[in-house]
There are 8 protein chains.
Amino acid sequence: MDQDKLLALFEQIKKGEVSPTEALDQFKNLPFKDLDFVKIDSHRLFRKQLGEVIYSQNKKMKQLITIYNHMKELNQPKIIFTRITPKKAHQLMEMDNQLIYNEKARILYKAEIKVQQPGQIAVVTAGTTDIPVAEEAACIAEIMGNKVKRFFDCGVAGIHRLFGIYDDLVSSNVIVCAAGMEGALPSVVSGLVDVPIIALPTAIGYGANFKGVSALLTMINSCSPGIAVVNIDNGFGAGYMAGIINMRRK
Amino acid sequence: MDQDKLLALFEQIKKGEVSPTEALDQFKNLPFKDLDFVKIDSHRLFRKQLGEVIYSQNKKMKQLITIYNHMKELNQPKIIFTRITPKKAHQLMEMDNQLIYNEKARILYKAEIKVQQPGQIAVVTAGTTDIPVAEEAACIAEIMGNKVKRFFDCGVAGIHRLFGIYDDLVSSNVIVCAAGMEGALPSVVSGLVDVPIIALPTAIGYGANFKGVSALLTMINSCSPGIAVVNIDNGFGAGYMAGIINMRRK
Amino acid sequence: MDQDKLLALFEQIKKGEVSPTEALDQFKNLPFKDLDFVKIDSHRLFRKQLGEVIYSQNKKMKQLITIYNHMKELNQPKIIFTRITPKKAHQLMEMDNQLIYNEKARILYKAEIKVQQPGQIAVVTAGTTDIPVAEEAACIAEIMGNKVKRFFDCGVAGIHRLFGIYDDLVSSNVIVCAAGMEGALPSVVSGLVDVPIIALPTAIGYGANFKGVSALLTMINSCSPGIAVVNIDNGFGAGYMAGIINMRRK
Amino acid sequence: MDQDKLLALFEQIKKGEVSPTEALDQFKNLPFKDLDFVKIDSHRLFRKQLGEVIYSQNKKMKQLITIYNHMKELNQPKIIFTRITPKKAHQLMEMDNQLIYNEKARILYKAEIKVQQPGQIAVVTAGTTDIPVAEEAACIAEIMGNKVKRFFDCGVAGIHRLFGIYDDLVSSNVIVCAAGMEGALPSVVSGLVDVPIIALPTAIGYGANFKGVSALLTMINSCSPGIAVVNIDNGFGAGYMAGIINMRRK
Amino acid sequence: MDQDKLLALFEQIKKGEVSPTEALDQFKNLPFKDLDFVKIDSHRLFRKQLGEVIYSQNKKMKQLITIYNHMKELNQPKIIFTRITPKKAHQLMEMDNQLIYNEKARILYKAEIKVQQPGQIAVVTAGTTDIPVAEEAACIAEIMGNKVKRFFDCGVAGIHRLFGIYDDLVSSNVIVCAAGMEGALPSVVSGLVDVPIIALPTAIGYGANFKGVSALLTMINSCSPGIAVVNIDNGFGAGYMAGIINMRRK
Amino acid sequence: MDQDKLLALFEQIKKGEVSPTEALDQFKNLPFKDLDFVKIDSHRLFRKQLGEVIYSQNKKMKQLITIYNHMKELNQPKIIFTRITPKKAHQLMEMDNQLIYNEKARILYKAEIKVQQPGQIAVVTAGTTDIPVAEEAACIAEIMGNKVKRFFDCGVAGIHRLFGIYDDLVSSNVIVCAAGMEGALPSVVSGLVDVPIIALPTAIGYGANFKGVSALLTMINSCSPGIAVVNIDNGFGAGYMAGIINMRRK
Amino acid sequence: MDQDKLLALFEQIKKGEVSPTEALDQFKNLPFKDLDFVKIDSHRLFRKQLGEVIYSQNKKMKQLITIYNHMKELNQPKIIFTRITPKKAHQLMEMDNQLIYNEKARILYKAEIKVQQPGQIAVVTAGTTDIPVAEEAACIAEIMGNKVKRFFDCGVAGIHRLFGIYDDLVSSNVIVCAAGMEGALPSVVSGLVDVPIIALPTAIGYGANFKGVSALLTMINSCSPGIAVVNIDNGFGAGYMAGIINMRRK
Amino acid sequence: MDQDKLLALFEQIKKGEVSPTEALDQFKNLPFKDLDFVKIDSHRLFRKQLGEVIYSQNKKMKQLITIYNHMKELNQPKIIFTRITPKKAHQLMEMDNQLIYNEKARILYKAEIKVQQPGQIAVVTAGTTDIPVAEEAACIAEIMGNKVKRFFDCGVAGIHRLFGIYDDLVSSNVIVCAAGMEGALPSVVSGLVDVPIIALPTAIGYGANFKGVSALLTMINSCSPGIAVVNIDNGFGAGYMAGIINMRRK
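Parameters and conventions
- Within any chain, residue numbers begin from 1 and follow the written order of that chain's sequence.
- Numbering of ligands from 1 and lettering of chains from A proceed in the order in which they are written.
- Totals for whole chains, interfaces and linings use all residues, but because this is a predicted model, local features are given only for residues with pLDDT of at least 70 and pairs of side-chain atoms are given and counted only at 80 or more.
- Values shown for side chains rest on all heavy atoms present in the structure; no hydrogens or waters enter the calculation.
- Elements are defined by DSSP. Helices are runs of H or I of four residues or more, strands are runs of E of two residues or more, and each kind is numbered from the N terminus.
- For every residue, the accessible area obtained with a 1.4 Å probe (protein chains only) is divided by the maximum for its type, and the residue is called buried under 20%, exposed over 50%, and partly exposed between those limits.
- Contacts between residues were defined by any pair of non-hydrogen atoms, one from each residue, lying within 4.5 Å.
- What sets the accessible areas is the Shrake-Rupley method with a 1.4 Å probe; for residues, cover comes only from the shown protein chains.
- The least-squares superposition of copies is restricted to C-alpha atoms, and to residues with a pLDDT of at least 70 in both copies.
- Whenever a carboxyl oxygen of Asp or Glu lies within 4 Å of a side-chain nitrogen of Lys or Arg, that contact is scored as a salt bridge.
- Two parts placed together each lose some accessible area under a 1.4 Å probe, and adding up what both lose gives the buried area.
- For the purposes of these results, a polar contact is taken to be a pair of N or O atoms within 3.5 Å, where, inside protein, one atom must be able to donate a hydrogen and its partner to accept one; residues adjacent in sequence count only when each atom of the pair is a side-chain atom.
- Polarity classes work like this: nonpolar for Ala, Val, Leu, Ile, Met, Phe, Trp, Tyr, Cys and Pro, charged for Asp, Glu, Lys and Arg, and polar for all others, with Gly in that last group.
- Values of pLDDT, ranging from 0 to 100, describe the predictor's confidence in every residue of the model.
- The domain limits used here are those given by an automatic or database domain assignment.
- A pair of strands is considered paired only if DSSP assigns at least 2 bridges between the two.
- In this description, a line fitted to the C-alpha atoms serves as the axis of each element, helices being fitted only across the stretch in contact, and the angle between N-to-C directions of two axes falls anywhere from 0 to 180 degrees.
- How far a helix is expected to stretch is found by multiplying one less than its residue total by 1.5 Å.
- Within this analysis, the arc is defined by the directions that extend from the helix axis to the C-beta atoms.
- In a left-handed crossing the near helix is turned counterclockwise from the far helix by less than a right angle, and in a right-handed crossing that turn is clockwise.
- A pair of Phe, Tyr and Trp rings is counted when the ring centres sit within 6.5 Å of each other, with Trp represented by its six-membered ring. The angle between the planes then sorts it: under 30 degrees is stacked, over 60 is edge-to-face, the rest tilted.
- Here, a charge over a ring is recorded when the distance from Lys NZ or Arg CZ to the ring centre is within 6 Å and its angle to the ring normal is within 35 degrees.
- Criterion for a disulfide: a pair of cysteine sulfur atoms within 2.5 Å.

Novice: I'd like to hear about the overall build of chain A, residue by residue, with values.
Specialist: When its secondary structure is counted, chain A shows 10 helices and 9 strands. Put simply, chain A has 250 residues, and 62% of those count as buried. By sequence separation, contacts in chain A at least 24 residues apart represent 68% of the contacts at least 6 residues apart. Working note: accessible area of chain A is about 9500 Å², and carbon and sulfur atoms make up 51% of it.

Novice: I'd like a rundown of the relation of the copies chain C and chain A, residues and numbers included.
Specialist: Here chain C sits on chain A after a turn of 179° about the axis and a move of 0.2 Å along it, with an RMSD of 0.3 Å. In symmetry terms, the pair is related by a two-fold rotation axis.

Novice: Pulling in residues and values, what's your account of the pattern of salt bridges?
Specialist: Applying the stated rule across the entire model yields 40 salt bridges over all chains. Here D96 of chain A ties to K110 of chain A by a salt bridge, and the two come within 2.8 Å at their closest N and O atoms. Of this pair, D96 of chain A sits in the loop between helix 5 (86-95) and strand 3 (100-102) while K110 of chain A is found in strand 4 (residues 107-110), placing the two residues 14 residues apart along the sequence. Take D96 of chain A: its relative accessible area is 7%, and that puts it in the buried class. On the basis of relative accessibility, which here comes to 15%, the residue K110 of chain A falls in the buried class. Of the charged contacts, one joins E136 of chain D and R83 of chain D as a salt bridge, the two residues approaching to 3.4 Å between their closest N and O atoms. Taken together, the residues E136 of chain D in helix 6 (residues 131-143) and R83 of chain D in the loop between strand 2 (79-82) and helix 5 (86-95) connect sequence positions 53 residues apart. One salt-bridge network, in which partners are shared between bridges, spans E135, E142 and R150 of chain A.

Novice: So what about the interface of chain C and chain A? Which residues, and what values?
Specialist: Taken together, the contact between chain C and chain A spans 42 residues of the former and 42 residues of the latter. Counting each side, the surface lost to burial between chain C and chain A is near 3600 Å², with a carbon and sulfur contribution of 53%. Put simply, chain C and chain A have 0 salt bridges between them. Taken together, the connections running from chain C to chain A amount to 5 residue pairs in polar contact (both at pLDDT 80 or more). Those elements that provide at least two residues to the side of chain C that touches chain A are helix 3 (45-50), helix 7 (166-170), helix 8 (185-192), strand 8 (197-201), helix 9 (213-220), strand 9 (227-229) and helix 10 (235-246) of chain C. Per-element tally for the side of chain C that touches chain A: the top contributor is helix 10 of chain C, with 6 residues. Of the residues assigned to the side of chain C that touches chain A, the class counts are 25 nonpolar, 10 polar and 7 charged.

Novice: An account of the confidence of the model for chain A is needed here, citing residue identities and associated values.
Specialist: All names here are of chain A. When pLDDT is averaged across chain A, the result is 86; 87% of the residues are at 70 or more. Per-residue pLDDT, averaged within each element of chain A, yields its smallest value for helix 3 (residues 45-50) (65) and its largest for strand 8 (residues 197-201) (98). The model gives residues 39-43 a pLDDT under 50, and that stretch makes 11 contacts with residues more than four places away or in other chains.

Novice: Please give an account of the domain arrangement of chain A that cites residues and values.
Specialist: All names here are of chain A. Partitioning chain A into structural domains gives domain 1 (31-110) and domain 2 (120-248). Taken together, the contact between domain 1 and domain 2 spans 15 residues of the former and 15 residues of the latter. Between domain 1 and domain 2 the total buried area reaches about 1400 Å² when both faces are included, carbon and sulfur atoms providing 68% of it. Taken together, the links from domain 1 to domain 2 amount to 3 residue pairs in polar contact (both at pLDDT 80 or more). Class assignment for the residues of the side of domain 1 that touches domain 2 results in 7 nonpolar, 3 polar and 5 charged.

Novice: Tell me what's going on with the sheet that holds strand 1 (residues 52-55) of chain B, and back it up with residues and numbers.
Specialist: Residues and elements named next belong to chain B. Strand order in the open sheet formed by 4 strands is 1-2-4-3, and the pairing between neighbours is mixed. Because the sheet does not close on itself, it has two edges, and the strands there are strand 1 and strand 3 (100-102). Taken over all neighbouring pairs, the strand axes of this sheet differ in orientation by 15° on average, direction set aside. Sheet topology places strand 1 next to strand 2 (residues 79-82); 4 bridges connect them, and they run parallel. Directly across from Y55, in strand 2, lies its bridge partner T82. Each of strand 1, strand 2 and strand 4 (107-110) is contacted by helix 4 (residues 61-73), which is oriented at about 165° to strand 2, the strand it contacts most. Along the sheet, helix 5 (residues 86-95) makes contact with strand 2, strand 3 and strand 4, crossing strand 3 at roughly 165°.

Novice: Tell me about unusual backbone geometry, residues and numbers included.
Specialist: With the exception of glycine, the majority of residues adopt a negative phi angle, and the majority of peptide bonds are in the trans configuration. One non-glycine residue, D153 of chain B, lies in the positive phi region at around 70°. Looking at the element boundaries, D153 of chain B is found in the loop between strand 6 (147-151) and helix 7 (166-170). The backbone phi angle of K211 of chain F is positive, close to 55°, even though this residue is not glycine. Here K211 of chain F shows up in the loop between strand 8 (197-201) and helix 9 (213-220). Accessibility expressed as a relative area gives 64% for K211 of chain F, which makes it exposed.

Novice: How would you sum up helix 4 of chain B? Please name residues and give values.
Specialist: Residues and elements named next belong to chain B. Taking 1.5 Å per residue, 13 residues should reach 18 Å; helix 4 reaches 18 Å between its end C-alpha atoms and fits that length. Those residues of helix 4 that sit buried are M61, L64, Y68 and M71. Across the axial projection of helix 4, the buried residues extend over an arc of 90°, all falling on one side. Turned more than 90 degrees away from the buried face of helix 4 sit K62, T66 and E73, all of them exposed. Packing partners of the buried residues in helix 4 comprise strand 1, strand 2, helix 5 and strand 4. Once helix 4 finishes, N75 follows within two positions and takes phi at roughly 55°, a positive value.

Novice: Kindly report on the packing of helix 4 of chain B against helix 5 of chain B, identifying the contributing residues and their values.
Specialist: Residue and element names in this part refer to chain B. Across the interface, helix 4 lies against helix 5 with an axial gap of 11 Å and an inter-helix angle of 35°. By crossing handedness, the relation of helix 4 to helix 5 is classed as right-handed. Residue-level contacts link M61, L64, I65, Y68 and N69 of helix 4 to K88, Q91, L92 and M95 of helix 5.

Novice: Can you tell me about the packing of aromatic side chains, naming the residues and giving the values?
Specialist: When we look at a pair of aromatic rings, we describe it by the centre distance and by the angle of the planes. Counting across every chain of the model gives 20 aromatic pairs over all chains. With a centroid separation of 6.0 Å and an interplanar angle of 15°, the aromatic rings of Y206 of chain A and Y55 of chain H are classed as stacked. Here Y206 of chain A, found in the loop between strand 8 and helix 9 (213-220), pairs with Y55 of chain H, found in strand 1 (residues 52-55), and the two come from separate chains. The ring of Y206 of chain D has R83 of chain A sitting right over it, with the charged end atom 5.4 Å from the ring centre.

Novice: Describe the environment of C154 of chain E, with residues and values.
Specialist: Residues and elements named next belong to chain E. Mapped onto the elements of the fold, C154 is located in the loop between strand 6 (147-151) and helix 7 (166-170). Residue C154 is classed as buried on the basis of its relative accessible area of 4%. With 32 residues separating them along the chain, C154 and P186 place their C-alpha atoms 11 Å apart.

Novice: Give me the sheet that holds strand 1 (residues 52-55) of chain G: which residues, what numbers.
Specialist: All names here are of chain G. Strands sit in the order 1-2-4-3 across an open sheet of 4 strands; the sheet is mixed. Every interior strand has two partners, whereas the edge strands, strand 1 and strand 3 (100-102), have only one. Along the sheet, successive strands turn relative to each other by an average axial angle of 15°, direction set aside. Of the strand pairs in this sheet, strand 3 and strand 4 (residues 107-110) are connected by 3 bridges, and their pairing is antiparallel. In the strand pairing of strand 4, Y101 is matched with L108. Across the sheet, helix 4 (residues 61-73) touches strand 1, strand 2 (79-82) and strand 4, and the angle it forms with strand 2 is around 165°. Running over the sheet, helix 5 (residues 86-95) touches strand 2, strand 3 and strand 4 and is turned about 165° from strand 3.

Novice: Outline the state of the cysteines, supporting the account with residue identities and numerical values.
Specialist: This structure, assessed with the given rule, holds 0 disulfides over all chains. With no disulfide of its own, C177 of chain A has C154 of chain A as its nearest cysteine by sulfur position, at a separation of 8.6 Å.

Novice: Could you give an account of the environment of G180 of chain C, with specific residues and numbers?
Specialist: All names here are of chain C. Considering the arrangement of structural elements, one finds G180 in the loop between strand 7 (174-179) and helix 8. In sequence terms G180 and V213 are 33 residues apart; their C-alpha atoms lie 9.1 Å from each other. Excluding its chain neighbours within four sequence positions, the residues that come into contact with G180 are D130, T202, I204, N209 and A215.

Set out below in structure tokens:
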């Protein structure tokens, strides 16, 4: 049932040719394929706050420029390019001086970073090599308007480093925990505090690590509750998940 | 927007309080969450022909009886219980003498088997142990109204057996090919005829067969085109897929 | 440094034999192995609210009774037995009429279920066979003091069922999404609402499902953000994670 | 029994030295190794319509030229090079101006694309990165003489996009559904329409996606019937399978 | 082209209506589907010597009796039931006192064991738990008419045991080497002698052995040449392979 | 060269028919197959101390009795049955009152447990369900003559429990660390002390734990050095390895 | 017991200080560690015929030259470099004009190829891309002195091609069967002839082929007996195994 | 409780405002988060002896220089760069002539190699390609102050090579056994001597070797006790583990 038919029906109601009850019956039997013109719910607040996100890995410069121009035309207020190389980022920055590049996170964005939420997100890594993925999570959460505190290189090989950040961990609304190798950090942190933990396995390791699979399995199998896991190296996903947990409305 | 509001709106149109154009605008902005009462498209012919299907494996007799009674109340014209043991099947048959049991296929059904389609489906197996799964496929396709021909025990170890059924294979609209062990049969059949083949791996085998995974991989990797694969032991899925291919309307 | 030595030190301070500054220096150099007697942080609110949790699968009746008696002696106000069979549950209930059995969830507990949090948790399942695991999640979250709404059998094969519960989904603080087979439900729900989703794969399926691994992989790989995953059939973990997300303090 | 012997036998029949019945007996006992000279069934219509197909990935320019020249000598009316780079394609196009290059599909072909079948094939993708593989499927089906309609970027993250193409989906004879990441699209489409679906997993994804394995498993395990699966990135296979389903003769 | 048509053609040749050369042309163009009546090569000596082999695992007594009776009717001179339990074997032996049961090998057979080949096959196992599978191999090779020598419990944990059987190993035509756990025995034997080795992994082991997969991988990856591998626990296959290597005709 | 030939050679030397230098030349060219009669080095102290070890899982009572009687005849001073059920153990104990059963460890042995080594082995478990496997390790090490201290239920979920045993850990010569689930304990212990750790994964867990594989991978991938791993549930192997490390002679 | 001691003993025998019987007793108790000077059996005919084999993949030119020079000094009559690139091969050929390069097989060798065995080895491939690996097998077998016949591109997609080579297959002593993709060729060939088949999986394929693993599994699981398998792409191993089967001495 | 509060408390004790017993009570209830200022145990002898270790693979020259300078400032007496390329090593050596490069081991270090332990470590490899990983183990153990003996190229294909080094093996305190391909060497060595073996799988191999996984599985599954395994190519870990076993204090 397209718009024209719908309008015609309403005209018929107006003219009294179809009674309101009969019209209702017709509606009840509408197959959902006719609902194309109905708008999907537009109250998707968080994604709107984040703006459009472009996963840039393996995209060519030419493609990125096309996408950028398209979004400029749409007057998209916020734009985020994830996994973008310094070289490509700088080329786009020459086209628009409002673009900001977080090199560690490999994120290029056009957005004001301003804390809009009362709570705090902690982003913790086991080693220094986990930082790029963790920084991606942190940066995304910040763009969404969250307050983020970073604690890097706190892995189980130096577990005492966790003691010094205990206060920050326990007072966060959610913790992102990035670890490669054996990926034991989320289990240990979860043994210390009752804060929801987004476990973020990284592909750091070699041999039977299987590019992060070992870390992912460790995290999925944690015997300590309060942990949920995202994909290997999915810093964007971890940051977004932490963000919407922290931005809870009720 | 629930039914009451909709009826109220129609009354307003009738009374001239809201013009048809204004009403249309209101509709255009309806979020889809309000569409609950709209019926999903009911022209799903094939599934209707098949009736309700109950996967009975691991269901207790008590649960099966509850389901059966529920469907009887709904006057469901066709009922199919798949993966049902002889013992449970016979208990249900005592409650309803219209139920028919295909023991090989482990299917209990209430439906008239009558060919309603011009084309033919061939169901071929590599060995005799693949028969229950293949028979499940055949029986489902028959209940849907398809003509099915069975050719069992034609595996690669006795590849010449395929010669004798060549005419039947080449004149079918679709072939279901069930095989366990190394699962090479669909590749061989596909090398002979240009008929679409639904490859149906079975869990027959041992050791590095991994309960049918080896057969599934062989079929997915076939270098001969015209093959698509369903899950291990998914006789129901293969039969249904073959059925809707054969029942093509245009 | 044990208690006796510490007391002796304090006596020395009192007597003026050791100055407070000198005592501080001694403390700064304490190796952590001497800290055994120091209590671990006791502000672990949520776990305290949950009480002691006993994973009862494969535990014998005798073991369960020993554990129960031990906790009774400790005057443990809340006790939770997860994955406990009806038979064993009823035996324990005969010993203590305050124990309540949620048969669907396979949880036996001694606790008052009372909503203590403003927000709401939605627990959604793809099929009816996913209910025990989902109910385990729901029951745990309720015992923790959360308001939980259940929506079962909303899988992708009948995706329109999600329309009717849209309002409930979008107004929840967190959604637990249980699915077996191909496990696509969390992706679909995440495509509709911006609420954090705890994806809970179940071992429902056969063949290349690998006892839930396929569902787990689907969920981990979701292209829709706002999803984090727990272990296969880990209803307890999903419920606990959803609970602490909803119970956020700031 | 080679041709000379056969001719000799016929001469014997002619001369009356061997009776027709005796000759028949000799034939009945021919071991099949003597049948080399007998032609394989030549009624393989679809493959003939497709012509010769050359999988060009990893083939060197020199090899491709040799193959091209060989087919030219054979006066092969149709030639198809799949997975061919623009550079190599253009070099061959300089040799033969009848060659056409579909860059998106990475297919170079010499064939007239003309619809010869009444039905329609829909090719749907979850994301934009799935397009090359989907376009390969579409192009192959078109070269075979099928009418193909493309619907790209309709993944579960934006599931409402499927509503707008419902009419096209439900009126197709077969749907090719390409998806990477978690690969949930075929399940969702199958939940909407009763059309046979060829699920085409793509290697798009990272981490626990395992280069498309996760998508493949999702599709194989779909709880919604009417889906069969081809190999990861096997656009050619999906297009061919869809083509022969649509070209059904009876 | 069926027999009737063929006979008719021969009659035409006889009558001179079709010349021998024209008949030959017709033959050259016969599609192979018409060759159903032509017998497959019957010179399959080894399999004939082995007779009919019935894999009895998971077959019910009733099925085994049906198969036995069927073969008796066909006057099958040799019958072999593999993987048959003592209980079932003895029931069949009561029906036919020519049946012999090798309990270690789990083989019931009706055949005279008589060495018909000059060479020798050595069957070696790593441990005592590998014996049933190895004995299956040995028994099959003997039934085929080979001379077999058994050397059990010679694994790498006691590698010196191999010294005592060196002469027998080096003078065999082929060695079957059965091993579970880490499966290193074939590598070690292959480092000592230049005799072809059929490596036979067994499912003996636990944990990361994965029911024989570890042993299989060890054997497939052997850095010592002269080894080829059969499936886990495939004693029948190893024995048959060794048998036909030893029975080489030229 | 067998004994007779060797004796003959010596007679020839004695008679002066062969010079000592000529005899040496003959020896240098002996193929090693002739060395069968030479005894393997008998200085295998530890295994001798351990006596004969019988892996009893899946062995029938009848087999165990045969083995026991055989060893009694050989006057074997020490006998160890591992993985033996209480029922079978008690039956053997009725035959020989010197046999001792460690039920937790599932070990039946005839040996005096007496510390013969100066150092200490610590056996630590993550949970209570890991105890049977850990106890097997402890019991084996004790039978070998080592001093063993047990520390059970110290997993990462309650990491502070490690503080209380720090002194014992750091003063051990070797630590056996048993853990199931995510298996993070060895990493954590290794982060605290510089003692060699034998990591012992157990099959405790469910879902993506894959019967201990996840724990094994965690341990193999540990980023903290000083860890080496044995097979899942291989308590015997861990205990033996710890024993020979502690029994170092130099 | 080193040479000096042995010589001293012989002197003692000569002098009558030790009787031959006493000397024998001393010998019987020699631990095998003293046997270092005893030569290993030198009757390893086949490997001697093959000469020294150097796996050249990933070896640098400098390393290859060092190895070559070393073997030249040893007057090694036969040398074989496998997996060597044309460039490196030609550099070595400039140093020694007796070196011959088989480019297809990627083998550089110094040896006269001369048939020294009565029997024949058939080397069959499924596709053209399997040729390098198959040619490696063929070339190795030829260098060993075997007669080899090659039959390339006979895969299941064109199964009738096997008919024309039936006579050659059935009269071979052993068949090497190389196949990638789904790897079904060995099963099919084994269904036709009773000749031992060395199945040689190749890494040809993509997606769920897992670089040859799918082909390997197909071959290991073959339901047709008379097949044993070597590692993926192990042309050398397949050729060597076929060679020693054909070179059987008795 | 921070330092200031602690100092204040001590002042109170001094002044008699708080009794020593009351002070003790306050301490007993300290949550551990207040212990940040307490120093972790500093008696980590071995790691101190090793100094700081930098895993240099994939680190850029610039990063390595930063790290080097940082450690120079700290006056770190020992520095070890593992997995460092010759080019990068030489650049650092130009900055500090005390740095020594072990090219085979790919280790750059500043440390005096001096044996400080009585016992001996044997490092054995199966092939020559395993040497870099084995040399890494040997070099690390030497830097720690251990005596190391190397025995390379002793794999199972030439098992007799082990005879010549038997005395060295049996008199070592610990053996590091590196092997790729099928990884059988540790099993064989363990069958000969009762010395603890650190099995070190290497990624040498191809096809079903899965980059060392096959070797790792072989080692984990060894039926010969006295073996524990480290990660694939983890020479550093194997050397460190062997070192601390040999450096046992009691």
